[in-house]
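The lines below spell out each chain.
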Amino acid sequence: ADGRSSGTTVSFKPDSEVFTDTEFRWDTLEHRLRELAYLNSGVSIRLVDERVDARGQIREETFHYDNGIAGYVEYINTSRTTASPIIHILREDSKSGLSLDMAMQYTDTASETLLAFGNNIVNPDGGTHVSGFRTAITRTINGYAKKNNLIKNLTPTGDDLREGLTTVISVKIPDPQFNNQ
């Protein structure tokens, strides 16, 4: 409104007495900050590497995505042939503070791609939000198929139904309990 910008700037330099490797890797930082920008729709994150390259240039990139997790699924599927529109579900419970942000899209690939996050932290081993999603999608598709006589003798497994599916699931939990710490 008044022309001033706002936000938070974080700058740091690792101490070689504490860290054995103090070299920043652009690709690692770029991946994580892009991920955070998708997970937090509308937030701008600027990465600046002030080390001068051979051309005398500094490297910088800004990550900002208004379409959030749906955009992340689209980004993941950029080089794939898609077989459905993106389905995006956003639910927030103001009473409990819980929120779910999920997007999925079928592609012509033979495998499932699933990224899961809890409070913006990658959950590589899944969690209850992943197992709940997998159970729900299997039950929903099979239920619909049976109700509409699309299945005769063989009921597809969850693995069958998730083949080619790209999914990003993000939950935000006010007081998380960690079992693997």
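Thresholds, definitions, all that
Residues numbered from 1 in each chain as written. Predicted model: local features only at pLDDT ≥ 70, side-chain atom pairs only at ≥ 80, totals over all residues. Heavy atoms only, no water. Helix = DSSP H or I, 4+ residues; strand = E, 2+ residues; numbered from the N terminus. Rg over C-alpha atoms; globule rule 2.2 N^0.38 Å. Contact = heavy atoms within 4.5 Å. Salt bridge = Lys/Arg side-chain N within 4 Å of Asp/Glu carboxyl O. Buried < 20%, exposed > 50% of the residue type's maximum accessible area, 1.4 Å probe, protein only. Pairing = 2+ DSSP bridges. Phe/Tyr/Trp six-rings, centres within 6.5 Å; stacked < 30°, edge-to-face > 60°.

(A) Broad picture of the overall build of the protein. Along its length, the protein carries four helices and seven strands. Walking the protein from its N terminus toward its C terminus, one meets helices and strands in the order α-β-β-α-β-β-β-β-α-α-β. Expected size for 181 residues packed as a compact globule is a radius of gyration near 16 Å; at 20 Å, the protein overshoots this value by more than 25%. Dimensions of the protein along its principal axes, counting C-alpha atoms only, are 65 × 45 × 40 Å. A fraction of 62% describes how many contacts in the protein between residues 6 or more apart in sequence connect residues 24 or more apart.

(B) Quick look at the pattern of salt bridges. Throughout the structure, instances matching the rule amount to 10 salt bridges. The closest approach of N and O atoms between Arg 51 and Glu 23, which form a salt bridge, is 2.7 Å. Placement of Arg 51 in the loop between β1 (44-49) and β2 (59-64) and of Glu 23 in the segment before α1 (26-39) is noted, with a sequence separation of 28 residues between them. Residue classification places Arg 51 among the partly exposed residues on the basis of a relative accessible area of 39%. Classification of Glu 23 by relative accessible area gives partly exposed; the value is 48%. A salt bridge links Glu 60 to Arg 46; its shortest N-O distance comes to 3.0 Å. Pair noted here: Glu 60 is in strand β2 and Arg 46 is in strand β1, with a separation of 14 residues, a long-range link. The exposure class of Glu 60 is partly exposed, given its relative accessible area of 42%.

(C) Quick look at the side chain of Arg 162. Tracing the backbone shows Arg 162 in the loop between α4 (158-161) and β7 (165-172). With near-sequence residues (within four places) excluded, Arg 162 lies in contact with Glu 112, Arg 134, Ile 137 and Thr 138.

(D) Focus on the sheet that holds strand β5 (residues 113-118). Reading across the sheet, the five strands line up as β3-β4-β7-β5-β6 and stay open at both edges, with mixed pairing between neighbours. Sheet topology places β3 (87-92) and β6 (121-122) at the edges, where each strand pairs with a single neighbour.

(E) Main features of helix α2 (residues 68-76). For α2, a buried count of seven out of nine residues is recorded, marking the element as mostly surrounded by other parts of the structure. Listing the buried residues of α2 in full gives Gly 68, Ile 69, Ala 70, Gly 71, Tyr 72, Val 73 and Ile 76.

(F) Broad picture of the pairing of β5. Bridging between β5 and β7 involves six bridges; their strand directions are parallel. Bridge assignment links Ala 116 to a residue of β7, and that residue is Ile 169. Joining the antiparallel neighbours β5 and β6 is a turn of two residues, in which Asn 119 adopts a positive phi near 50°.

(G) Representation of the packing of aromatic side chains in the model. On inspection of all chains with the given rule, the structure shows three aromatic pairs. Seen from their ring centres, Tyr 38 and Tyr 65 are 3.7 Å apart, and the 10° between their planes marks the pair as stacked. Here Tyr 65 lies in the loop between β2 and α2 and Tyr 38 lies in helix α1, a separation of 27 residues in the sequence. Like Tyr 38, the residue Tyr 65 is buried in the burial classification. Where Tyr 38 meets Tyr 75, the ring centres are 5.8 Å apart and the plane angle is 35°; that geometry is what we call tilted. Of this pair, Tyr 38 sits in helix α1 while Tyr 75 sits in helix α2, and the two are 37 residues apart along the sequence. A relative accessible area of 39% means that Tyr 75 is categorised as partly exposed.

Any link to function would need more than the numbers given here.
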